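Read off the chains here:
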Amino acid sequence: MSDPSQAKRKGFLRHFRGLIREADPCADLDLRGSLRLGKSTVRLPPPALPLQILLGGEHGYRLHLYPEPVIDAEGRLDHRGSYLLVDPMTYFSDISGFVRLSEGDTLTVGRDDPTQRLLLRYPRAVEPQHLRLKLSADELSVKNKSTAAGVCIAPLAATDLLERMSRWRRLALARLARVLDGPIEPLARAPALDLIEQVIALMDQEPYRALNRLGEPGGLLILPDRTTPIFVGDLRARIDNLLVILTQNAFLQALEEGSAILIILGSAVHPDRPEQAAEMDSSILMMDLIFRLKLRFPERVFYLRGHHDSFSEAISYAGLPQGSLWEDALHQARGADYRDAMQRFYARLPLVAVTSRYLAAHAAPPIEAEGWQTLVDIDRHPDLADRIARVRHPSEHAPSGAYGRRELSRMFRRLGLAENAVCVLGGRPAHSPGHRARDTEDIERHRQVFSADPHWVGILTRAHKRLLPLCYPVEPLLEVYNRLVHTAGAGSTLNRGLTSPVQPTPPRPKGAPDEVPR
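To keep things clear, this report deals only with the structure shown in the data block. (Residues numbered from 1 in each chain as written. Predicted model: local features only at pLDDT ≥ 70, side-chain atom pairs only at ≥ 80, totals over all residues. Heavy atoms only, no water.)

**Re the sheet that holds strand S7 (residues 106-109)**
Here we have 4 strands laid out as an open sheet, ordered S2-S9-S8-S7, and antiparallel in their pairing. Only two strands of the sheet have a single neighbouring strand rather than two, namely strand S2 (42-44) and S7. Strand-to-strand twist in this sheet, taken as the mean axis angle between neighbours without regard to direction, amounts to 15 degrees. Two elements, strand S8 (residues 131-135) and strand S9 (residues 140-144), share 5 bridges in a ladder whose sense is antiparallel. Paired with Leu 135 across the strands is Leu 140, a residue of S9. (Pairing = 2+ DSSP bridges. Helix = DSSP H or I, 4+ residues; strand = E, 2+ residues; numbered from the N terminus. Axes fitted to C-alpha atoms, helices over the stretch in contact; angles between N-to-C directions.)

Printed below as a string of structure tokens:
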């Protein structure tokens, strides 16, 4: 589905005005042309422009339903049929959650849904079951489910509101271009070696790194509680997926402001597509990008050791020894000195990151650790280090390494973490349908995040003191980003490097409601 045309927007507004003439207007909204829902189901065409929804009376909770824009290979922002239900007071300025409404979905908005309570900060004005939204290819049906508070809806047709979501994504790409200060392209041998050596030198004095018995960086990162974590799972050489994360939500803005920390849970390399298992160029480019981020944000970007962060012959996929192929590719592309530097980088990686609220690792929690010093001096415990970086739960561990709620609780107590602390691991949730991020299992205080899906990028972050599972559609951003940077270098403005399918922005249709600034 392409971005709605001016004709579709006019048609939607005509349909909406017809409904208003047959029902009561909503005086609670500061919008002309708003509709108060009764007890009957209201049927609309799929919204061709954003909707404002007020749950409750004058002091109720406002939500906006936006068509979700997706960037295509040409840099155009298309609407492919999904909508995002967001809190407009926080969504465009802070790290925040949202609820996605896709074709075929039925969503009951209200405090009864624990996932919604996690993603949206519902006040008491929102009833347990307040509003039902049902989206099909032909219509959006809306039904008031509240017993007393009521629901008002209105289209947002002012030009700045129509373009707000698309403009926000364009600005995020421009921000990334300023942060990286150049294209994401293969480096020559000398600058590549200089880049990785700078990162290694930084890691020798890495912020928040606990020192081991020899006074060297140990296996543990002790991160500050006050910063918002952004957990990224396996990336497996999918550069587009990392670029999506960096240009969604307010993640990059928070990194620049110092209010967030990006924690990559290892295994950023080695494609997980059988037909590309031997291809290593994308892995080289991925590590270059991560190194650039690390140098740009030395106290805010961290990388934990994962199963694929090694040259081990035991690392294989689709029958190919990816560890050995990775070593050979680095040697051939950048020489022995670079290959050796990557080995030194791997040797310096931490395995566990903690605050009082969470413990993060690549594959498994350190349930055998007797205390913090065990993790700091992880080089003295190679079997434990191997389990933390390699053994998946629940399908890949041996019975001796099995764990559940009891073992996790015991580990948290032993390490002195908060009662509500959470264990965060990388890897694909076994029961995830792909496009919905959920808790990984029925183990309390245990979350898993996977970021290498070819269609949806999963992350975990925190808002309102709770971990949020979020996901975003994969977009071909490497090509779009590089074209944007090269175009800007030729004298164009970064903010105008992306286009919408409909140009110029159509004027506000006659009779469309206006929003009074709040």
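From this point on, the discussion continues.
**Concerning the nonpolar core**
Core analysis: the biggest nonpolar cluster contains 107 residues, and Trp 326, Met 342 and Phe 345 have the highest contact counts within it. Counting residues per element, this core draws most heavily on helix H8 (residues 281-296), at 8 residues. Among all residues touching Phe 345, those that are not within four sequence positions of it are Ile 196, Val 199, Ile 200, Met 203, Met 287, Phe 291 and Tyr 303. If you look at the next biggest cluster of nonpolar residues, it comprises 25 residues, including Leu 220, Leu 351, Leu 384 and Leu 417. (Core = buried A, V, L, I, M, F, W, Y, C linked by side-chain atoms within 4.5 Å. Buried < 20%, exposed > 50% of the residue type's maximum accessible area, 1.4 Å probe, protein only. Contact = heavy atoms within 4.5 Å.)

**Section: a positive patch on the surface**
Taken together, the side chains of Arg 111, Arg 117, Arg 124 and Arg 466 define a basic patch exposed on the protein surface. In this fold, Arg 466 is placed in strand S21 (residues 466-473). (Patch = residues over 30% accessible without salt bridge, like charges linked within 9 Å, V, L, I, M, F, W, Y side chains within 5 Å. Areas by Shrake-Rupley, 256 points an atom, 1.4 Å probe, with all protein chains shown as cover. Salt bridge = Lys/Arg side-chain N within 4 Å of Asp/Glu carboxyl O. Lys, Arg positive; Asp, Glu negative; His and termini not counted. Charge placed at Lys NZ, Arg CZ, Asp CG, Glu CD.)

**Some thoughts on the environment of Gln 373**
Among the structural elements, Gln 373 can be located in helix H11 (residues 372-376). Its relative accessible area of 47% is what places Gln 373 among the partly exposed residues. For Gln 373 and Gly 219, which are 154 residues apart along the polypeptide, the C-alpha to C-alpha distance reads 9.4 Å.

**A few points about the pattern of salt bridges**
Where charged atoms of side chains with opposite charge meet at close range, the side chains can pair. Tallied over the entire structure, the rule returns 19 salt bridges. Here Arg 43 and Glu 139 are joined by a salt bridge, their closest N and O atoms 3.1 Å apart. You can see Arg 43 sitting in strand S2 and its partner Glu 139 sitting in the loop between S8 and S9, a full 96 residues away along the chain. When its relative accessible area of 25% is taken as the criterion, Glu 139 is described as partly exposed. Its salt-bridge partner being Glu 206, residue Arg 209 comes within 2.8 Å of it at the nearest N-O pair. Residue Arg 209 shares its accessibility class with Glu 206, and that shared class is buried. The structure contains a network of salt bridges with shared partners spanning Arg 175, Glu 256 and Arg 296.

**Some points on the side chain of Thr 227**
Along the chain, the position of Thr 227 falls in the loop between strand S12 (217-222) and strand S13 (228-232). Judged by relative accessible area, Thr 227 falls into the buried class, the value being 7%. Among the polar contacts made by the side chain of Thr 227, one reaches the main-chain carbonyl oxygen of Pro 224 at a distance of 3.2 Å. Not counting residues up to four positions away in its chain, the partners in contact with Thr 227 are Gly 258, Ser 259, Ala 260, Ile 261 and Arg 462. (Polar contact = N/O pair within 3.5 Å; in protein donor to acceptor, adjacent residues only side chain to side chain.)

**A word on unusual backbone geometry**
The backbone of Tyr 208 sits at a positive phi, close to 70 degrees, despite the residue not being glycine. Tracing the backbone shows Tyr 208 in the loop between helix H5 (189-203) and strand S11 (209-211). Positive phi, normally seen in glycine, also occurs at His 270, with a value near 75 degrees. Topologically, His 270 is positioned in the loop between strand S14 (260-264) and H8.

**Re the side chain of His 308**
Within the secondary structure layout, His 308 lies in the loop between strand S15 (301-303) and helix H9 (322-334). Excluding residues within four positions of it along the chain, His 308 makes contact with Arg 236, Ser 267, Val 269, His 270, Ile 315, Gln 322 and Tyr 346.

**Side note on the packing of aromatic side chains**
Counted according to the given criterion, the structure contains 14 aromatic pairs. Each ring, one from Phe 98 and one from Tyr 472, has its centre 5.5 Å from the other, and the planes form 50 degrees; the classification is tilted. On the criterion of sequence distance, the pair formed by Phe 98 in the loop between strand S5 (77-86) and strand S6 (99-101) and Tyr 472 in strand S21 is long-range, its members being 374 residues apart. Exposure class is identical for Phe 98 and Tyr 472. Each is buried. (Phe/Tyr/Trp six-rings, centres within 6.5 Å; stacked < 30°, edge-to-face > 60°.)

**Here's the deal with the sheet that holds strand S18 (residues 422-426)**
An order of S11-S12-S16-S17-S18-S19 is seen for the 6 strands of this open sheet, with the pairing classed as mixed. Both edges of this open sheet fall to S11 and strand S19 (446-449), since each of them pairs with a single strand only. Going from strand to strand, the sheet's axes swing by 25 degrees on average, the running direction of each strand aside. Where S12 lies against strand S16 (residues 352-354), 3 bridges are found, and the strand directions are parallel. Its bridge partner being in S16, Leu 221 is matched across the sheet by Ala 353.

**Concerning the pairing of S19**
Here S19 shows no split at all, with His 446 and Gln 448 on one side and Arg 447 and Val 449 on the other all buried. When S18 meets S19, the two strands line up parallel, connected through 4 bridges. In the strand pairing of S19, Val 424 is matched with Arg 447.

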